[in-house]
Amino acid sequence: MSEKLGTVLVPGRINPRVPEQLAQVFEVVTASQAPSADIDPAVLARIRGVALSGKFANEWFDLLPNLQVIANFGVGYDGVDTAKAAERGIVVTNTPDVLNDEVADTAIALLLNTVRRLPQAETWLREGRWKSEGPFPLVPLSLKGRHVGIVGLGRIGREIASRLEPFKVRIGYHTRTPREGLPYTHYASLKAMAEEVDTLISVLPGTAETHRIFNAEIFSALGPEGVFINVGRGTSVDEDALIAALRSGTIAGAGLDVFYDEPNAPAELLEFPNVSLLPHVASASVPTRNAMADLVVNNLIGWFREGQVLTPVPETPVRRG
Ligand code: GLV
């Protein structure tokens, strides 16, 4: 292994481009997502980097005494206990920016699919019902004239906002502190924004602060014309409250790319005609996923070659190698 930069663990599934590229410069150890007892301790001791998609089981921290860096595939890194990583001086990286456009495009598509029921209209054609039964029924909702509130106006949220402008909707956003120089209305309170707007688009990450913040109170504030779109994390939603709000007509519809306990989308949601569901595909194109894979690999190469990473997350310190 002397010609390799070092040893990197890939626990569980990841985009295949990551291990392929890593193998050119690293010794790559693949393993199941949760550690099993059969990994040679000498190998565990060599591992200084991890390339990760999804959950990093906390047991790995104790099994990898020389771990220095965890390179997460995805802008959201809720699969990693960053407090534990920080405590041990382990740097965590994510894949911001390279997916902004793709996720923003998906958010707009999901919004349109939800209000106009376009996937159901396509199914109508594919099932021969246009021929046998006539036109697809008119849909009750429209994007026209909507007032949209974006929850979380970071890099992706801004791309969503700028894509919404040509749709001639009103645009507001909720963040803790207002963003300077933007032509959108800032709301310091999520509830106050939900009361004003009729459409919420969430880009929130999965953190302790965002856990189930979309609850019965927020759906009730959004109201009977309300549409809720989520391309952030499913853990921000009280799914029982969402299902109850949809069932009772408290809100008019929802479009979801993310769920509380993926891949388990609640069965009740599948029954609602006013709901559009996607299997967490917001960034899922080959070009965007390739760019994310390359960023994972380049973060690891940067660390092993120069003790520097390209995109560290704010919670973990960058310790020079
Ligand atoms: C996808 O959900 C990501 O966090 O990149």
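One structure accompanies this document, and this report is about it.

## Structural notes on the packing of helix α1 (residues 17–25) against helix α13 (residues 286–306)
Stage number 1. Their axes nearest at 9 Å, the elements α1 and α13 cross at an angle of 30°. The angle between the axes of α1 and α13 places the two elements in the roughly parallel class. In this structure, α1 meets α13 at a crossing whose hand is right-handed. Taking contact as the criterion, the partners of R17, V18, Q21, L22 and V25 in α1 are, on α13, N290, A293, D294, V296, V297, L300, I301 and R305.

## Regarding the side chain of S283
Stage number 1. Mapping S283 onto the fold places it in the loop between β12 (275–277) and α13.
Stage number 2. Classification of S283 as buried rests on a relative accessible area of 8%.
Stage number 3. Engagement of the side chain of S283 in a polar contact is seen with the side chain of R289, the distance being 3.0 Å.

## With respect to the site of the ligand
Stage number 1. Looking at the ligand, the residues that line it are G74, V75, G76, L99, R233, H280 and M292.
Stage number 2. Here an oxygen atom of the ligand and a backbone polar atom of G76 are 2.7 Å apart.
Stage number 3. Measuring from an oxygen atom of the ligand, one finds a side-chain N or O atom of R233 at 2.7 Å.
Stage number 4. Considering the ligand on its own, with 190 Å² of exposed area, one finds that the protein chains cover 84% of that surface.
Stage number 5. Per-class residue counts for the shell around the ligand are three nonpolar, three polar and one charged.

## Observations regarding the packing of helix α5 (residues 100–116) against helix α8 (residues 155–164)
Stage number 1. The contact between α5 and α8 brings their axes to 8 Å, and the two run at 50°. Looking at the two axes, α5 sits oblique to α8. Handedness of the crossing formed by α5 with α8: right-handed. Counted together, N100, D101, V103, A104, D105, A107, I108 and L111 of α5 and R155, I156, E159, I160, R163 and L164 of α8 form the full contact between these two elements.
Stage number 2. Split into classes, the residues belonging to the contact of α5 with α8 amount to eight nonpolar, one polar and five charged.

The rules we used
- Residues numbered from 1 in each chain as written.
- Predicted model: local features only at pLDDT ≥ 70, side-chain atom pairs only at ≥ 80, totals over all residues.
- Heavy atoms only, no water.
- Axes fitted to C-alpha atoms, helices over the stretch in contact; angles between N-to-C directions.
- Helix = DSSP H or I, 4+ residues; strand = E, 2+ residues; numbered from the N terminus.
- Parallel < 35°, antiparallel > 145°, perpendicular 65-115°, else oblique.
- Left-handed = near helix turned anticlockwise from the far one by under 90°.
- Contact = heavy atoms within 4.5 Å.
- Buried < 20%, exposed > 50% of the residue type's maximum accessible area, 1.4 Å probe, protein only.
- Polar contact = N/O pair within 3.5 Å; in protein donor to acceptor, adjacent residues only side chain to side chain.
- Near = heavy atom within 4 Å.
- Areas by Shrake-Rupley, 256 points an atom, 1.4 Å probe, with all protein chains shown as cover.
- Nonpolar A, V, L, I, M, F, W, Y, C, P; charged D, E, K, R; others polar.

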